[in-house]
Amino acid sequence: MAGCATFIKELAGGKSLKLASMVDIYPGNATNKKLTWTIVGDTFGAKLSSADLYAAGLVGSIDGEDVRVSDVKVTNTQITSESSYIGALAGKVNAKATLKNITVDGFTVSGANYISGVAGLVQGEVNITNANVNNAQLSGVSEISGIASGNGTVSIKDSSVKNSSVSTLAYSSANTAGGVAAVFTGAVENVTVENTKISAGVAGGIVGKTLADCELVIRNVNVLASQVSSSDANTVAAGILGVHNVKGTATVESAYVDSKTVISSAAVTAGLVGDCSGAQSVLTITSSKTLATVNGAETANAVASAGVKFIFQLPAITVLLFKGFIFFYLPLCIMMGNGGSPFPV
């Protein structure tokens, strides 16, 4: 393991790793013997201060094709930086890559934008599987994520964020955080956020907000015993997805927010989705349920503000409040318009 320790020390603190095709990243020798890749704060002195653009517990940035990162463990690690793109594994991943079996336990980081428990930002074709973040304290200006923000054909599956804090330093509508991802365009499936505090101007228990031309899918997710909050005017807090107001589709299927979760905002608050008010935003909710306590100036059990096209399918919450109107849904209801209803309150 001596070679492994030396290799980790050389990579830690924000260096970049550019990879050729078909590379497996394992902490072994040149024969790629599969071992456990571990950073332990009191062993490797992983208390880092970085002014580089990309900072991480392990690798600053990863670029390449057919990159596989597996069996990585980061524990008791602290990073302080004024820069963006920071994660326990990598600051940024721009690759065709698979990241799996990632364990982060005891990770404290403060920085600017794209601060995450695993990777600050993933782009390209990236699949993250079995990434588990525990006891993390993540804070920065915006785009703060429990696991990773993602733009492209990206997915986060079979993962969790527990006993953590994911927060922005300010709470305007420009400051975004998500229990799993602050901003995202791909698929989040089989993920649990538990006993975690998410606070930002736009705060989502799973995803903060979507990006343009998204095909977001949130499926089989749970938000348990957590707090989702925003405190300033014109802000949004929601149990699953904070804001979807851009061109594209967002699907929420089999999502659950439990009764121990509290969602609060000085403005828009919702048990499932906060704002879907874009002219070309399409939102579909299927087989989802929220029992959360919802507190705010404008509150709703499920969706606080619906846009041009909203598709709602039972079983799920059947009575919703949309800016002064109440809707009673049949098993499939398609609502056209911007908050209109035959049932004024």
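None of these values were measured; they are calculated from a predicted model.

Let's talk about the overall build of the protein chain
Along its length, the protein chain carries two helices and 34 strands. Out of the 345 residues belonging to the protein chain, those deemed buried represent 56%. When the accessible surface of the protein chain is summed, it comes to about 13,000 Å², and 50% of that surface belongs to carbon and sulfur atoms.

Side note on the packing of aromatic side chains
Summed over all chains, the structure comprises one aromatic pair. Seen from the ring of Tyr-85, Lys-92 lies directly overhead, with NZ or CZ sitting 5.2 Å from the centre.

Some details on the environment of Thr-168
Relative to the helices and strands, Thr-168 resides in strand β13 (residues 165-168). Residues Thr-168 and Ile-198 lie 30 residues apart in sequence; the distance between their C-alpha atoms is 8.7 Å. Among all residues touching Thr-168, those that are not within four sequence positions of it are Gly-140, Val-141, Ser-142, Ile-144, Asn-175, Thr-176, Ala-177, Ser-199, Ala-200 and Gly-201. Separated by 2.5 Å, the side chain of Thr-168 and the backbone oxygen of Ala-170 make a polar contact.

Remarks on the pattern of salt bridges
For the structure on display, the rule yields four salt bridges. The salt bridge involving Glu-189 is made with Arg-219; its shortest N-O contact spans 3.2 Å. Taken together, the positions of Glu-189 in strand β16 (residues 187-194) and Arg-219 in strand β20 (residues 214-224) put the pair 30 residues apart, joining distant regions of the chain. Of the residues examined, Glu-189 reaches a relative accessible area of 15% and is grouped as buried. Classification of Arg-219 by relative accessible area gives partly exposed; the value is 24%. A salt bridge links Arg-219 to Glu-253, with the nearest nitrogen and oxygen atoms 3.2 Å apart. You can see Arg-219 sitting in strand β20 and its partner Glu-253 sitting in strand β24 (residues 248-257), a full 34 residues away along the chain. Three or more residues joined by partner-sharing salt bridges are found here, namely Lys-157, Glu-189, Arg-219 and Glu-253.

Some words on the side chain of Ser-265
By the element assignment, Ser-265 lies in strand β25 (residues 262-270). Taking the relative accessible area as the measure of exposure, Ser-265 reaches 9% and is therefore buried. Engagement of the side chain of Ser-265 in a polar contact is seen with the side chain of Thr-235, the distance being 3.4 Å.

Regarding the pairing of β16
Of all eight residues in β16, six are buried; the element is thus mostly enclosed. Across seven bridges, strand β12 (residues 148-162) lies against β16 in parallel orientation. The residue bridging Ile-156 from the neighbouring strand is Val-188, located in β16.

Some thoughts on unusual backbone geometry
Look at Asn-130: it is not a glycine, yet its phi comes out positive at around 55°. Positive phi, close to 55°, is recorded for Asn-190, a residue that is not glycine.

Examining the state of the cysteines
The full count for this structure, using the stated rule, is zero disulfides. Free cysteine: Cys-276, not disulfide-bonded; nearest cysteine sulfur from Cys-214 at 9.4 Å. On the basis of relative accessibility, which here comes to 0%, the residue Cys-276 falls in the buried class.

Calculation rules
Residues numbered from 1 in each chain as written. Predicted model: local features only at pLDDT ≥ 70, side-chain atom pairs only at ≥ 80, totals over all residues. Heavy atoms only, no water. Helix = DSSP H or I, 4+ residues; strand = E, 2+ residues; numbered from the N terminus. Buried < 20%, exposed > 50% of the residue type's maximum accessible area, 1.4 Å probe, protein only. Areas by Shrake-Rupley, 256 points an atom, 1.4 Å probe, with all protein chains shown as cover. Phe/Tyr/Trp six-rings, centres within 6.5 Å; stacked < 30°, edge-to-face > 60°. Lys NZ or Arg CZ within 6 Å of the ring centre and 35° of its normal. Contact = heavy atoms within 4.5 Å. Polar contact = N/O pair within 3.5 Å; in protein donor to acceptor, adjacent residues only side chain to side chain. Salt bridge = Lys/Arg side-chain N within 4 Å of Asp/Glu carboxyl O. Pairing = 2+ DSSP bridges. Disulfide = S-S within 2.5 Å.

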